[in-house]
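Single-letter residue listing:
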Amino acid sequence: MTTRYPWRGNTSQNTADQDDPRYETPGGAQHKVDTHVNVTVNIANKAITQPKIADWAVGARQIDPSLLEHYGDIATNAKFDVIDDQLADIAYNVKNFGASGDGVSNDTLAIKTTIDQAPDGSTILFPSGTYIVDPIAIRGKAGIDIFQRNNLTLLFSNATIKSKTTNVEGYNIINIEQSNNIYLKQPKVIGDKDTHIGTSGEFGQGINIINSDGTRIDQPDVSKTWGDGIYIGVDYFGTSGIQSGSTYLRNVRIDDCSRNGIAVCSGKYIEIDGAEISNILRVNPKTAIDIEPEGEGSPAPILEKLVIKNLRTSNCGAGVTYLLPNLIGKNTDITIINHNDTGSTNAIVGFNVDGDVYGKVDIIDSYYRDNYQHGVIIYDNHVTSLKITFTDLVIENCNVQNSSDVNIGSPVLLVAGSELTNSKPMGNIDFINPRFIDTRTPERMFAPIVAYSLKPNNTTLDKINIIDIKDIEYSKKYLQIIGKFNCVDQFKQLEVSNTTNPVDINIQNYRKKYDNKGAVEGINFNLNSNIPVGQDVRIEMVDNHSIAVVPDATSSILPLATTGKYILANTVGSSVTLRKISNTQWIIVNIVGTWTVET
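What you see is a predicted model; the values in this text were computed from it and never measured.

(A) Local environment of the overall build of the protein chain. Per the secondary structure count, the protein chain includes four helices and 45 strands. Taken across its 599 residues, the protein chain has 54% of its residues classed as buried. Summarising the internal contacts of the protein chain: among those between residues at least 6 apart in sequence, 77% fall at separations of at least 24. If you sum the accessible surface of the protein chain, you get close to 23900 Å²; carbon and sulfur atoms cover 46% of it.

(B) Broad picture of the environment of I336. Along the polypeptide, I336 turns up in strand β22 (residues 331-342). Classification of I336 as buried rests on a relative accessible area of 2%. Note: C-alpha distance between I336 and V361 (25 residues apart in sequence) is 8.0 Å.

(C) Expanded view of unusual backbone geometry. Residue P299 is bonded to the preceding S298 through a cis peptide linkage, with omega at 10°. Take P299: it is sitting in the loop between β19 (287-291) and β20 (303-314). Going from T441 to P442, the amide bond is cis rather than trans, its omega being -5°.

(D) Focus on the sheet that holds strand β42 (residues 566-569). In spatial order, the strands read β38-β40-β42-β45; together these four strands make up an open sheet with mixed pairing. Here the strands that pair on one side only, and so sit at the sheet edges, are β38 (523-527) and β45 (595-598). The average angle at which neighbouring strand axes cross in this sheet is 25°, direction not considered.

(E) Just the packing of aromatic side chains, in detail. All told, the structure shown has six aromatic pairs when counted by the stated rule. Following the ring pairs from residue to residue traces out a cluster consisting of F126, Y131 and F156. The positively charged end of R139 is found above the aromatic ring belonging to F147, 3.7 Å away from the centroid. Stacked on the ring of Y183, the Lys or Arg R216 has its end atom at 4.2 Å from the ring centre.

(F) Local environment of the environment of A99. Inspection of the secondary structure puts A99 in the loop between α2 (74-86) and β3 (102-106). Discounting residues that sit within four places of it in the chain, A99 has contacts with V94, D107, A110 and Y131.

(G) Expanded view of the pairing of strand β4 (residues 123-126). What you see with β4 is no split at all: T123 and L125 on one side and I124 and F126 on the other are buried throughout. For β4 and strand β7 (residues 153-156), the ladder comprises four bridges, and the chain directions are parallel. Bridge assignment links I124 to a residue of β7, and that residue is L154.

(H) Expanded view of the nonpolar core. Membership of the largest hydrophobic core comes to 89 residues, with the highest contact counts inside it found for F126, I230, I262, I289, I291 and L414. If we skip the residues at most four places from it in the chain, F126 touches V94, I111, Y131, I144, L154, L155, F156, S157, A159 and I161. Counting residues in each nonpolar core, the second largest holds 16 residues, with L527, V537, L560 and W595 among its members.

The rules we used
- Counting restarts for each chain, with residues numbered from 1 along the sequence as it is written.
- Selection of residues for local features in this predicted model requires a pLDDT of at least 70, selection of side-chain atom pairs for listing and counting requires 80 or more, and totals for whole chains, interfaces and linings are taken over all residues.
- Only hydrogens and water are set aside; all other atoms, that is, all heavy atoms of the structure, feed into the side-chain values.
- Only runs of H or I of at least four residues qualify as helices and only runs of E of at least two qualify as strands under DSSP, and these elements are numbered from the N terminus.
- Relative accessibility thresholds used throughout: buried, under 20% of the residue-type maximum; exposed, over 50%; partly exposed, between the two (1.4 Å probe, protein chains only).
- We call two residues in contact whenever any of their non-hydrogen atoms come within 4.5 Å of each other.
- Reported accessibility uses the Shrake-Rupley method at a 1.4 Å probe radius. Residues are deemed covered only where the shown protein chains occlude them.
- Strands qualify as paired when DSSP identifies two bridges or more between them.
- Here an angle of 0 to 180 degrees is reported between the N-to-C directions of two axes, which are lines fitted to C-alpha atoms, with helices fitted over the stretch in contact.
- Each pair of aromatic rings taken from Phe, Tyr and Trp, with Trp reduced to its six-membered ring, is defined by centres within 6.5 Å and is described as stacked if the planes are under 30 degrees apart, edge-to-face if over 60, and tilted in the remaining cases.
- Each ring is checked for a lysine NZ or an arginine CZ that lies within 6 Å of its centre and within 35 degrees of its normal; such an atom marks a charge sitting over the ring.
- Residue types Ala, Val, Leu, Ile, Met, Phe, Trp, Tyr and Cys, when buried and joined through side-chain atoms within 4.5 Å, form a set referred to as a nonpolar core.

Right under this line is the structure:
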């Protein structure tokens, strides 16, 4: 008989045999460590007076400090810390309930039995191995099902959870539903994308988190699912009335999933800190992180606050997409910090359709490189809706596909009128310290920021600010406005300030500001008949080549009475501002330098 040691359920110093399953001597404890988790402990760094408690430990927090005197020497302390941290209850090791982890056997029911036997507050251990599960076996919807549970910890020690091959359109390899404070440590999840039978469906989730609060997942590694890698939201047609609360994801790796890497579909607070997501390409929206509140049951979806930090995305349909029609009339706060995308079709795609969503979207310190089309594309953000701010945005070498269409080849595209049923202006968007780079020969990027209207004569741009342009490292140093916007007063709100490079505002075939920078010969500026009445146009000579301002054949510049006369400047610094006062007449509002009247 030997001395007992302080386990959670033991507060006495009675003695027990070394093989007693509840009380372990240091020798027996080390045997359990070697056999079940194969953990090596560096005892040289252990403190004698305070046991180490891992940040995810359960059992260790239940040690009575008054029992520390019974721990003995450093080696004994270390061995017991490992056992209490890693094996909080040896009874809830899935292999003790029949799971094999051999990569062949179906372990679904053995894992279910383990979970059913473990009371709330327990730790469930998955030792090293590959556990095959049927992802619709439990309640017709899951392989591993955490349903209406509290304070469970699932520890995966070099363990892989792999879906058996299915022919179903939807499944959940791991399902967390109507549960609180569930913690997963290092789950590696593999779906059946490579072996799936059939081609329909897009809802085979790796980890499904719905109607739950306090979910934490550290170092998940999810690949090859038939739908999303990780889904966070509410049961789409559910009636539980339980809202999704907080969800925390840390150090995420997701690769080669079918629909999205992470789908953010409802929650009061969601935080994703550190994620690498790649190769999301099978079925739309093909997005690394899709922010798309959805659900037709009870409760309705919400998204009160979302924080994404340190995100790396590559080779996806989009790096991040937000689509917010289900938040109309609600508030949201979305922050994305340090997002780096390489090679996706578009790095950021934003939709705000047919109504106002209140709050803000802040995208800070982002770097988008080698995108097939755009770095950023935003559809229909009402001027009374979300405030969208890009700070320290860098876009380099987009339009990899080498399209000749400006609506595809611009670093930033703002699209108005795509699905709007009203005439609210599009805007409330700031670009602060942006930088645009094209290092290729020949260049492929069009104007850094292009605005495009799909609804002729029914869309206005408003409150779009480009502040402190850091650099435009290629030749197209202008903003381009394309389509039939209502242009009468839009440029009172479209501001370009504190630029370190000259920036033109290019309006379809005419410009509010026009200069001859870079010209190699004298040029004409034609006062196009499409320019709306009331529009001011300013023309400036900045390079040493002449510039002529020419009305069309039926128009004249007052006070020049003769139709067809034009004005010409030959001196750098000369400028003129004209206003269209009727379909056939222009007046000179302001003139600087020397201009001559020519015929």
